[in-house]
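Chain by chain, the residues run as shown.
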Amino acid sequence: MGRVITLDGVSGSGKSSTARELARVLGYAYLDTGAMYRALTWSLLQNGCDVHVEADVCRYVERGMDFSFRSGELLYFGRPLSDAIHHQEVSQHVAVLSRYSCVRREMISQQRKLALQAEQGLVAEGRDMGTVVFPEADLKVFMEASLELRGSRRQKQWEKKGVQVSKEDIMKDLAARDEMDTNRTQSPLRKAKDARVLDTSSLNFKEQVDQILRWVCED
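Residues numbered from 1 in each chain as written. Predicted model: local features only at pLDDT ≥ 70, side-chain atom pairs only at ≥ 80, totals over all residues. Heavy atoms only, no water.

1. Quick look at the sheet that holds strand 1 (residues 4-9)
Consideration 1: Spatially, 2-6-1-7-8 is the arrangement adopted by the 5 strands of the open sheet, whose pairing is parallel. A single partner strand is all that each edge strand has here, and the edge strands are strand 2 (29-32) and strand 8 (196-199). Between one strand axis and the next, the sheet turns by 20 degrees as a mean value, whatever way the strands run.
Consideration 2: The sheet contact formed by strand 7 (residues 139-144) and strand 8 spans 4 bridges and is parallel. Bridging from a neighbouring strand, Val 141 pairs with Arg 196 of strand 8.
Consideration 3: Contacts between helix 9 (residues 205-218) and the sheet are confined to strand 1, strand 7 and strand 8, with strand 8 contributing the most and set at about 165 degrees to the helix. (Pairing = 2+ DSSP bridges. Helix = DSSP H or I, 4+ residues; strand = E, 2+ residues; numbered from the N terminus. Axes fitted to C-alpha atoms, helices over the stretch in contact; angles between N-to-C directions. Contact = heavy atoms within 4.5 Å.)

2. Details of the packing of helix 1 (residues 15-26) against helix 9
Consideration 1: As a packed pair, helix 1 and helix 9 sit with axes 10 Å apart at the nearest point and diverge in direction by 55 degrees. On the basis of the axis angle, helix 1 is oblique to helix 9. Between helix 1 and helix 9 the crossing geometry is right-handed. When helix 1 is examined against helix 9, the residues Ser 17, Thr 18, Glu 21, Leu 22, Val 25 and Leu 26 are found in contact with a partner set consisting of Phe 205, Gln 208, Val 209, Ile 212, Leu 213 and Val 216.
Consideration 2: The class makeup of the residues in the contact of helix 1 with helix 9 is 8 nonpolar, 3 polar and 1 charged. (Parallel < 35°, antiparallel > 145°, perpendicular 65-115°, else oblique. Left-handed = near helix turned anticlockwise from the far one by under 90°. Nonpolar A, V, L, I, M, F, W, Y, C, P; charged D, E, K, R; others polar.)

3. Some remarks on the environment of Gln 208
Consideration 1: Topologically, Gln 208 is positioned in helix 9.
Consideration 2: Overall, the relative accessible area of 3% leaves Gln 208 in the buried class.
Consideration 3: Between the C-alpha atom of Gln 208 and that of Gly 14, which follows or precedes it by 194 residues, the distance is 9.0 Å.
Consideration 4: Those residues within four positions of Gln 208 in sequence are excluded, and the remaining contacts are Gly 14, Thr 18, Met 143, Arg 153, Leu 198, Thr 200 and Leu 203. (Buried < 20%, exposed > 50% of the residue type's maximum accessible area, 1.4 Å probe, protein only.)

In structure tokens form, the structure reads like this:
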């Protein structure tokens, strides 16, 4: 296993885009843990499983999950993840799965397995990467940003996809997600004691990537 860099933080703080670019620049694999949960959510919905019934979800998960890398691309049961995992129906249900201990246990196992495959190094982003999944990571970053800015960013993302959503509704959803993430029983969102804090509220994309690259060089 190569070097591991973790990026944790609140929704809309820029974790995914920053982690993806960081991995590209460093030549590391990019671990999109949110996509893993989305892939599982999509699969559950496709198979008629009620994601709000924990027992049903656990029975489904016990059959096994299989995530892998191929040339740096994340695969689910050997297939690339499709755009379907980003559909609104998946977005509405994905957060529920993070409450279930059976799901989190299997996801952690899968994520650590993927790290072993990333011989050049791994950039992992999520909410418990530095605290639970990779507590011995070489560099831990915790990303923050104001709710107002996060709402604007997320609205622009939806507009690029041709979806019109009010900023107020987006901010309300983000605040609810923050509350759920920080107060859940299983692996709540929190900053690792040895994490570096990056507030992206006043930084553009290049500046936030460059700051983390400087930390990588320091370490």
